[in-house]
Amino acid sequence: MAIARLSDIYGRKPIMLVSWTLFMVFSLACALSQTIRQLIVFRAFQGLGGAGLYSMGMVMIAEVLNPSKFAAGAAWIGLTVGGSGVLGPILGGAISNQSTWRWIFYMNLPFCVIVMASIFFIWPASEKPSESSKWRTFLSIDFVGIVSMMGGSVCLVYGLQRATTGGRSWGEPTIVACLVLSGVFWIAFFTWEGFGARSLTNIEPIFPMHILRRRVMAAAFGYVHLPPLLSGISMN
């Protein structure tokens, strides 16, 4: 969401190219990593680039397609994401079994180069907003919401992952601290999004709480987020 907001300031095309660059550079870094710590760090930054690609893909498709064809474009993106979730582990396992796991990351590089060249030469340049408009847009980014959401997500995932691996006890101080911090971050997030961002400042909240007042949006939100959460819990 933050990356999409940055594209309002600097343009869709430059931010998309930056996201592809991040993804490509850290794919190479993952392939060349020598320790598990290096792989984890490089994979996190590769994921940051991948998140930018996903969010920017949705934004750019919405801008180039006719409104009547947007549903089809979104369906193709959903099909790609769903297909990658099914085929990714299978292909990754096959590649690792027949060769080395490093090729899982090496194989990204030629596709990145082709797509980046296509975007650079074919995609039309974005209209450049004025400097005052850039500054107003930058100040309206919900940095408090972004930090609290990331903090809550990271602490929750790390705490659950640590608790469900290695036979550790749920009462381990590190696990308890992570889960408590996650709760604090999420309470701060929803409090800020619901009461602080709009009422106290001119910030555009990254998660406008008022959309949940509409039953259709609330149902769609639950449909999108609950199945992955429950499937992840069941796999653990």
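The following refers to the structure shown. (Residues numbered from 1 in each chain as written. Predicted model: local features only at pLDDT ≥ 70, side-chain atom pairs only at ≥ 80, totals over all residues. Heavy atoms only, no water.)

**Observations concerning the nonpolar core**
By size, the foremost hydrophobic cluster in this structure holds 12 residues: I3, I15, M16, L17, W20, F23, L53, M56, M60, C112, M116 and I119. Elements represented by at least two residues in this core include exactly α2 (12-32), α3 (36-64) and α6 (108-122). Here this core takes 5 residues from α2, the largest share from any one element. Leave out the neighbours within four places in its chain, and C112 touches W20, F23 and M24. Ranked by size, the runner-up nonpolar core spans 6 residues in total, among them I141, I146, I206 and F207. (Core = buried A, V, L, I, M, F, W, Y, C linked by side-chain atoms within 4.5 Å. Buried < 20%, exposed > 50% of the residue type's maximum accessible area, 1.4 Å probe, protein only. Helix = DSSP H or I, 4+ residues; strand = E, 2+ residues; numbered from the N terminus. Contact = heavy atoms within 4.5 Å.)

**Things to note about the layout of surface pockets**
Taken as a whole, the second largest pocket holds about 1300 Å³ of empty space. Lining the second largest pocket are 31 residues, and of these W20, F23, L53, T80 and S84 lie nearest its centre. Of all elements in the fold, only α2, α3, α4 (70-98), α5 (103-106) and α6 reach the threshold of two or more residues within the lining of the second largest pocket. Each residue belonging to the lining of the second largest pocket can be placed in one class, and the counts come to 20 nonpolar, 10 polar and 1 charged. (1 Å grid on protein atoms, 1.4 Å probe; cavity = no way out; pocket = protein on both sides within 12 Å on 5 of 7 lines; lining within 4 Å. Points joined across faces, edges and corners; volume = space filled by probe spheres on them. Nonpolar A, V, L, I, M, F, W, Y, C, P; charged D, E, K, R; others polar.)

**Brief notes about the packing of helix α1 (residues 2-10) against α3**
Contact geometry of α1 with α3 gives a least axis separation of 8 Å together with a crossing angle of 60°. Relative to α3, the element α1 lies oblique. Seen from above, α1 lies across α3 with right-handed handedness. Between α1 and α3, the contacting residues are I3, A4 and S7 on the first element and L48, A51, G52, S55, M56 and V59 on the second. By residue class, the composition of the contact of α1 with α3 is 6 nonpolar, 3 polar and no charged. (Axes fitted to C-alpha atoms, helices over the stretch in contact; angles between N-to-C directions. Parallel < 35°, antiparallel > 145°, perpendicular 65-115°, else oblique. Left-handed = near helix turned anticlockwise from the far one by under 90°.)

**Let's talk about helix α8 (residues 143-163)**
Over its 21 residues, α8 extends 30 Å from the first C-alpha to the last, a length consistent with the 30 Å expected when each residue adds 1.5 Å. Those residues of α8 that sit buried are G145, I146, S148, G151, G152, C155, G159 and A163. (Expected span 1.5 Å × (residues − 1).)

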